[in-house]
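Structural overview
Each chain, letter by letter, is given below.
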Amino acid sequence: MSDGVGVYLHMPYCPYKCHYCDFNAYRLPPRPGTLEAMAAGIVEEIARAPGDDRGRQARSIYFGGGTPSLFPPRAIAAILEALRRRYRVVPRAEVTLECNPGTVDVALLQELSRAGVTRLSIGAQSFDAAMLRRLGRGHAPEDTRLAVRAARQAGFDNLNIDVIYGLPGTTAAEAERDAREALALGPEHLSAYALEVEDGTYFGALRARGTLPLPSDDEVVEAGEAVARACLQHGLERYEISNFARPGRRSRHNLLYWHQGDYRGFGPGAHSHMSGRRSWNVAGPGPYLKAVGAQGEACAGEETLSPDGRRGEWIYLRLRLTEGFSLRAFSLRFGVPLDAAYPGVRRQLVRQGLLEALPGRVRPTAAGRWLLHRVAEPFLP
Ligand code: SF4
């Protein structure tokens, strides 16, 4: 196992709550000092939380949320300082910060760059003004273009743009148009996720009432493939189901997740994974700060994956990657050949057209990529 660890920081506040959002994110309360208090809590957790991850090498740091760009740059700088005290942060570490259009300008981004942020992930989601309103997003398409321009002016040369397809009432052509608008801004990386409507969200309630015109599964697949084609035409390769990058610009942090690497999360609701042991923090900002203040950590629970569970999860995560995995990598990792661990499964999936018939490598077909749960199911305990 490598010495490296990834770090995730959960910054839980947003200026608004999007209609599809079921993340652990809260509308920023008007109370002054809320952001500073949260940042101080996260610094304290990094300083005091126990764990044998101390002193390990950190190659990727990811500020997610929520809307991390709402936080003052000096708060982000203080968190990075605390991380440099806990870990050996490598000199060219990938330090990503998610930002929403309308929350950034050149001066703020310059400060973030000086603090050590090296990569920005900009939540565009759509370039249709009416759709952005329908999604409950508090920005217009022009704000995304301004955010990208500001990022370039501030010197960022590593940008991701997020878009969502399969939106209510949309076609594949509209999804492709959104992707092309994003790609015209020249990002090094694009993430394109299909809309997932969860219970408990505003969209979930509309769906229950039958008033959310969602595209069919086939239409969603068509939209996803249209987005993928647009990315390829712009020189971005698909390296994971939903992620596209220029050569050399894959997200180091996300690759760590898909390679089942170790990562440590700080902040409300943040999850960690260390050598098969998963743990998670208290979700609510108030209870989180209280727990950190009282005991220096806010762990709400943990579980250890069984060896079978870990092996199945490894396969599932690798199947998300375009390259899949080599039979040799599997045997080296688990000390048993794949076909001995799961007799007949690979042949069956190839026969069903879900896995490619490749010597020495396991990779989903185009159809299998969209039915990943079916491909992975026989490998899961
Ligand atoms: S900006 Fe992101 S985290 Fe915040 S409410 Fe919208 S979807 Fe949720």
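Residues numbered from 1 in each chain as written. Predicted model: local features only at pLDDT ≥ 70, side-chain atom pairs only at ≥ 80, totals over all residues. Heavy atoms only, no water.

A look at the packing of helix H6 (residues 172–183) against helix H8 (residues 217–233)
Packed helices, taken two at a time, are described by the angle between their axes plus the distance between the axes. Convention followed: Between N-to-C directions, angles cover 0 to 180 degrees, with each direction set by a line fitted to C-alpha atoms, over the stretch in contact for helices. Helix and strand definitions here come from DSSP, where helices need a minimum of 4 consecutive H or I residues and strands a minimum of 2 consecutive E residues; each element is numbered from the N-terminal end. Just so you know how the angles are binned, under 35 degrees is roughly parallel, over 145 roughly antiparallel, 65 to 115 roughly perpendicular, and the rest oblique. When the near helix sits turned anticlockwise from the far one by under a right angle, the crossing is termed left-handed; a clockwise turn instead gives a right-handed crossing. What makes two residues a contact is simply this: any of their non-hydrogen atoms within 4.5 Å. Three residue categories are used. Nonpolar comprises Ala, Val, Leu, Ile, Met, Phe, Trp, Tyr, Cys and Pro, charged comprises Asp, Glu, Lys and Arg, and polar comprises the others, including Gly.
Between H6 and H8, the least distance of the axes is 8 Å, while the angle of their chain directions is 30°. Judged on the interaxial angle alone, H8 and H6 are roughly parallel. When you trace H6 past H8, the crossing you get is right-handed. Residue-level contacts link Ala-172, Ala-175, Glu-176, Ala-179, Arg-180 and Leu-183 of H6 to Glu-222, Ala-223, Ala-226, Val-227, Arg-229, Ala-230, Cys-231 and Gln-233 of H8. Per-class residue counts for the contact of H6 with H8 are nine nonpolar, one polar and four charged.

Concerning the packing of aromatic side chains
Given two aromatic rings, their pairing is described by the distance between the two centres and the angle made by the two planes. Selection rule: Here the aromatic set is Phe, Tyr and Trp, taking the six-membered ring for Trp, and pairing holds for ring centres within 6.5 Å; pairs whose planes are under 30 degrees apart are stacked, those over 60 apart are edge-to-face, and all others are tilted. Type-normalised accessible area, obtained with a 1.4 Å probe on protein chains alone, sets the label of each residue: buried when under 20%, exposed when over 50%, and partly exposed for intermediate values.
Applying the stated criterion across every chain yields a total of ten aromatic pairs. Residues Trp-314 and Phe-330 carry aromatic rings whose centres are separated by 5.8 Å and whose planes lie at 65° to one another, so their mutual orientation is edge-to-face. Within this pair, whereas Trp-314 is found in helix H11 (residues 307–320), its partner Phe-330 is found in helix H12 (residues 327–334), the two being separated by 16 residues in sequence. Grouping residues by exposure puts Trp-314 and Phe-330 together as buried. Seen in terms of ring centroids, Phe-330 and Phe-334 are 5.0 Å apart; in terms of plane orientation they differ by 45°. Their pairing is tilted. Of the two residues, Phe-330 and Phe-334 are both situated in helix H12; the distance of four residues between them amounts to about one turn of the helix.

Focus: the state of the cysteines
Selection criterion: Cysteine sulfur atoms are paired as a disulfide whenever they fall within 2.5 Å.
Within the structure shown, the criterion is met by zero disulfides. This cysteine, Cys-99, is not joined by any disulfide, and Cys-14 carries the nearest cysteine sulfur, 12 Å off. Looking at Cys-99, the relative accessible area reads 3%, which means it is buried.

Description of the site of the ligand
Where we set the bar: By convention in these notes, a residue is near a molecule or strand provided one of its non-hydrogen atoms lies within 4 Å of it.
As a structural note, the neighbourhood of the ligand is formed by 13 residues, with Cys-14, Cys-18, Cys-21, Gly-66 and Asn-100 the closest of them. Across the shell around the ligand, the residue classes tally to seven nonpolar, four polar and two charged.

Comments concerning the domain arrangement of the protein
Stated formally: Domain boundaries shown here were taken from an automatic or database domain assignment. We define buried area as the total accessible area lost by two parts upon association, computed with a 1.4 Å probe and summed across both.
On domain assignment, one finds that the protein holds domain 1 (4–258) and domain 2 (307–379). The straight-line distance from the C-alpha centre of domain 1 to that of domain 2 is 29 Å. Facing the 13 residues of domain 1 at the interface are nine residues of domain 2. Summed over both partners, the interface of domain 1 with domain 2 buries about 1,100 Å², with 56% contributed by carbon and sulfur atoms. Of all residues in domain 1, the largest losses of buried area upon contact with domain 2 belong to Arg-238, Ile-241 and Trp-258, amounting jointly to 52% of the total for that side.

As for the pattern of salt bridges
For side chains bearing opposite charge, pairing can occur when the charged atoms are close. Stated formally: Whenever a carboxyl oxygen of Asp or Glu lies within 4 Å of a side-chain nitrogen of Lys or Arg, that contact is scored as a salt bridge.
All chains considered together, the criterion is met by 22 salt bridges. Salt-bridge contacts for Arg-86 lead to Asp-53; the nearest nitrogen and oxygen are separated by 2.9 Å. You can see Arg-86 sitting in helix H2 (residues 73–86) and its partner Asp-53 sitting in the loop between helix H1 (34–48) and strand S4 (57–65), a full 33 residues away along the chain. Here Arg-86 and Asp-53 have matching classes, each one buried.

What about the pairing of strand S13 (residues 277–281)?
The condition that has to hold: Paired strands, in this sense, are two strands between which DSSP finds at least two bridges.
Here strand S12 (residues 271–274) runs beside S13; their pairing, made up of four bridges, is antiparallel. If you follow Ser-272 over to S13, its bridge partner there is Ser-279. Where S12 folds back on S13, the antiparallel hairpin that results is connected by two residues, among which Ser-275 adopts a positive phi of roughly 45°. Judged from the five bridges that link them, S13 and strand S14 (residues 299–304) form a sheet pairing that is antiparallel. Within S14, the residue paired with Asn-281 across the bridge is Cys-299.

Observations regarding helix H5 (residues 141–153)
For the record, the criterion: In this scheme, a helix's expected span is set at 1.5 Å multiplied by one less than its residue total.
For H5, which comprises 13 residues, the first-to-last C-alpha distance of 19 Å matches the rise-based estimate of 18 Å (1.5 Å per residue) to within 8%. Where the residues of H5 are buried, they touch helix H3 (106–115), strand S6 (119–125), helix H4 (129–135) and strand S7 (159–165). Phi for Gly-155, located one or two positions after H5, is positive at around 100°.

Some thoughts on a negative patch on the surface
Threshold: Residues qualify for a patch when their relative accessible area is over 30% and they have no salt bridge, like charges being joined within 9 Å and the nonpolar side chains of Val, Leu, Ile, Met, Phe, Trp and Tyr within 5 Å. For accessible areas, the Shrake-Rupley method is used with a probe of radius 1.4 Å. Any residue's cover is judged against the shown protein chains and nothing else. Lys and Arg are tallied as positive, Asp and Glu as negative. Neither His nor the chain termini are counted. Where a charge sits is defined by one atom per residue type, namely NZ (Lys), CZ (Arg), CG (Asp) or CD (Glu).
Residues Asp-217, Asp-218, Glu-219 and Glu-222 make up a contiguous surface patch of negative charge. Along the chain, the position of Glu-219 falls in helix H8. On the accessibility criterion, Glu-219 (41% relative accessible area) is partly exposed.

Examining the nonpolar core
Stated formally: The definition of a nonpolar core used throughout is a set of buried Ala, Val, Leu, Ile, Met, Phe, Trp, Tyr and Cys residues joined through side-chain atoms within 4.5 Å.
Membership of the largest hydrophobic core comes to 68 residues, with the highest contact counts inside it found for Leu-9, Phe-63, Leu-83, Leu-109 and Leu-190. With seven residues, the top contributor of residues to this core is H8. Setting aside residues up to four positions removed in sequence, Leu-109 forms contacts with Val-104, Leu-120, Ala-147, Ala-150, Ala-151, Ala-154 and Phe-156. The next biggest cluster of nonpolar side chains, apart from the first, holds 18 residues, and it includes Trp-314, Leu-355, Leu-372 and Phe-379.

Re the packing of H11 against H12
Two numbers describe how H11 lies on H12: the axes approach to 12 Å, and their chain directions differ by 155°. Taken together, H11 and H12 sit at an angle that is classed as roughly antiparallel. Relative to H12, H11 is oriented so that their crossing is right-handed. Within the contact between the two elements, H11 uses Arg-310, Arg-311, Trp-314 and Ile-315 and H12 uses Ala-329, Phe-330, Arg-333 and Phe-334. Split by residue class, the contact of H11 with H12 holds five nonpolar, no polar and three charged.

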